[in-house]
Amino acid sequence: MATRDIVLAALRAAGSAGVSGETIARELGMSRVAIAKHVSALRDAGYDIQAVPGTGYRLVATPDAPLPPEVRPLLTSSAGFWTRIDGGGETGSTNDDARVLARSGAPEGTVVLASRQTAGRGRLGRTWSSPGGGAYLSAVLRPAVAPADVSSLALAVGVGIARGLAETGAPDARLKWPNDVLLGGGKVAGVLLEMAAETDRVDWVVVGVGLNVRRGPGEPHPPGAAFLADSVDGARSAATVAAVLDGIAAAYEEWRDGGFPALLAEYERRDALRGMEVAVRDLAGRVVATGTVDGVDDAGRLVLRSADGGVSAVSAGEVTLRDPSR
Ligand code: BT5
């Protein structure tokens, strides 16, 4: 545990009685000045810590942010999977932070959190709106698979997010192929996968997840966005992130051990596109397939049936709904 987390734990243990800087310093074998610096850093992170004359420090309130010392104790099934949890405050992009860690050899189970991003990214160079009040995370995974097998991981992660949201009390989330998680028809989360690989073997995958927990005060929000707080009373970022991390770790392990077929039935139950008339576009915006969605196949490809009964499967692209009357 980082020293700052130990100082926080000491403040928490003291409760409303408070604890002197001198006592913490003695217990940790540090100077009072060093403790004061950690207290100041905790205040910067949003902890409300009072200095009470004659008593010392008193922790009054913890911030509603996905800070590692708040998230870690709330992990249940995945406490052993996420071995390193960093960040929690503001950053450019957690995917960029996690990529740096992955390149320098960070093990699977490393995750970077943020409560606000200044350069949040979607797919294809798009922007992910990342105001305060949200939760942004990027996980380093090292599955022993071929690069082509990674596309279905985005779907598996979607299933994991939906499971996690269900744990927080949210209504059933639905999945829009390939990487959107919907709540009440709006997009509550998006998944961005980035990887490094040799021809036949993946080195690392960074799984980025943006979660709209609540509307940031005064921040504009993109059209079509949904917010967890609109359906869950008292939705808090740390609890949401912990539940979603539990969900992602479990779904990832099932995908790693059994492939996408292990998650197919659950994906189908949450599929928001089945039976819809859609068009699929490629990177350049060209329509590559149209038809009625039949579901997804064992490899996570979107299966379309055309008017003449022909069946096609697409492995990547952007789905838009079509007006069947035109
Ligand atoms: C995604 O891209 O949905 C993937 C988003 C991944 C974001 C996470 S946050 C943590 C990590 N660090 C990063 O920098 N990124 C990852 P895409 O399918 O391309 O969708 C992007 C589109 O969704 C945008 O063009 C907007 O239309 C819409 N959008 C942007 N921000 C949104 C938000 N907060 N909520 C709902 N929709 C949003």
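One can find the structure itself at the top, above this paragraph.
Residues numbered from 1 in each chain as written. Predicted model: local features only at pLDDT ≥ 70, side-chain atom pairs only at ≥ 80, totals over all residues. Heavy atoms only, no water.

Caption draft 1: The arrangement of the nonpolar core in detail. Membership of the largest hydrophobic core comes to 65 residues, with the highest contact counts inside it found for Trp82, Leu137, Leu153, Ile161, Leu165, Leu211 and Leu302. Residue contributions to this core peak at 10 residues, all from helix H7 (residues 237-258). Once residues within four sequence positions are removed from consideration, Leu165 is found in contact with Ala170, Ala173, Val181, Val188, Leu211, Leu228, Thr240 and Val244. (Core = buried A, V, L, I, M, F, W, Y, C linked by side-chain atoms within 4.5 Å. Buried < 20%, exposed > 50% of the residue type's maximum accessible area, 1.4 Å probe, protein only. Helix = DSSP H or I, 4+ residues; strand = E, 2+ residues; numbered from the N terminus. Contact = heavy atoms within 4.5 Å.)

Caption draft 2: Fine view of the sheet that holds strand S10 (residues 186-197). Here 7 strands make up an open sheet; going across it, the order is S3-S5-S7-S11-S10-S9-S8 and the pairing mixed. Across the chains shown, the open sheet's two edge strands, defined by having one partner strand only, are strand S3 (84-87) and strand S8 (174-176). Sheet twist, expressed as the mean angle between neighbouring strand axes with direction ignored, is 20°. Here S8 pairs with strand S9 (residues 180-183) via 3 bridges, running antiparallel. For Lys176, the partnering residue across the bridge sits in S9 and is Asp180. Helix-sheet contacts for H7 involve strand S5 (110-114), strand S7 (135-141) and strand S11 (202-211), and the interaxial angle to S7 is about 30°. (Pairing = 2+ DSSP bridges. Axes fitted to C-alpha atoms, helices over the stretch in contact; angles between N-to-C directions.)

Caption draft 3: Expanded view of the pattern of salt bridges. Per the counting criterion, the structure on display carries 25 salt bridges. For the salt bridge of Arg126 with Glu318, the shortest nitrogen-to-oxygen distance reads 3.1 Å. Highlighted residues: Arg126 in the loop between strand S6 (116-117) and S7 and Glu318 in strand S16 (residues 318-321), separated in sequence by 192 residues. For Asp172, the salt bridge identified is with Arg269, shortest N-O distance 3.4 Å. (Salt bridge = Lys/Arg side-chain N within 4 Å of Asp/Glu carboxyl O.)

Caption draft 4: How the structure looks around the sheet that holds strand S14 (residues 302-305). Strand order across the open sheet formed by 5 strands is S15-S14-S13-S12-S16, with antiparallel pairing between neighbours. Each having just a single partner strand, strand S15 (311-314) and S16 make up the two edges of the open sheet. Between one strand axis and the next, the sheet turns by 45° as a mean value, whatever way the strands run. Relative to S14, strand S13 (residues 287-296) runs antiparallel, the two being bridged by 4 bridges. Paired with Thr292 across the bridge in S14 is Arg305.

Caption draft 5: Inspection of the site of the ligand at higher detail. Near the ligand lie 26 residues; those nearest to it are Ser93, Arg121, Arg123, Arg126 and Lys187. Ser93 places a side-chain nitrogen or oxygen 2.7 Å from an oxygen atom of the ligand. Within the contact set of the ligand, a nitrogen atom lies 3.4 Å away from a backbone nitrogen or oxygen of Asn95. Those elements that place two or more of their residues in the shell around the ligand are helix H5 (94-103), S7, S10 and S11. Take the shell around the ligand: its biggest share by element is 4 residues, from S10. Class assignment for the residues of the shell around the ligand results in 8 nonpolar, 14 polar and 4 charged. (Near = heavy atom within 4 Å. Polar contact = N/O pair within 3.5 Å; in protein donor to acceptor, adjacent residues only side chain to side chain. Nonpolar A, V, L, I, M, F, W, Y, C, P; charged D, E, K, R; others polar.)

Caption draft 6: Summary view of the environment of Thr290. Within the secondary structure, Thr290 is located in strand S13. Apart from the residues lying within four places of it in its own chain, the contact partners of Thr290 are Val278, Ala279, Leu304, Ser306 and Arg322.

Caption draft 7: Representation of the packing of helix H6 (residues 151-167) against helix H8 (residues 261-270) in the model. Contact geometry for H6 and H8: axes closest at 10 Å, N-to-C directions at 65°. In terms of orientation, H6 lies roughly perpendicular with respect to H8. For the pair H6 and H8, the crossing hand works out as left-handed. Counted together, Leu155, Ala156, Val159, Ala162 and Arg163 of H6 and Leu263, Glu266, Tyr267 and Arg270 of H8 form the full contact between these two elements. Split by residue class, the contact of H6 with H8 holds 6 nonpolar, no polar and 3 charged. (Parallel < 35°, antiparallel > 145°, perpendicular 65-115°, else oblique. Left-handed = near helix turned anticlockwise from the far one by under 90°.)

Caption draft 8: Local environment of unusual backbone geometry. Geometrically, the link from Trp177 to Pro178 is a cis peptide bond, its omega value of 0° lying close to zero. The topology assignment puts Pro178 in the loop between S8 and S9. With a phi angle near 55°, Leu124 is a residue other than glycine that sits in the positive phi range. Within the secondary structure, Leu124 sits in the loop between S6 and S7.

Caption draft 9: Molecular detail of the pairing of S13. Here strand S12 (residues 277-281) runs beside S13; their pairing, made up of 5 bridges, is antiparallel. The residue bridging Glu277 from the neighbouring strand is Thr292, located in S13. Taken together, S12 and the strand that follows it, S13, pair antiparallel across an intervening segment of 5 residues, in which Gly285 is found at a positive phi of about 90°. Where S13 folds back onto S14 in an antiparallel hairpin, the turn is made up of 5 residues, including Gly300, whose phi is positive at roughly 85°.

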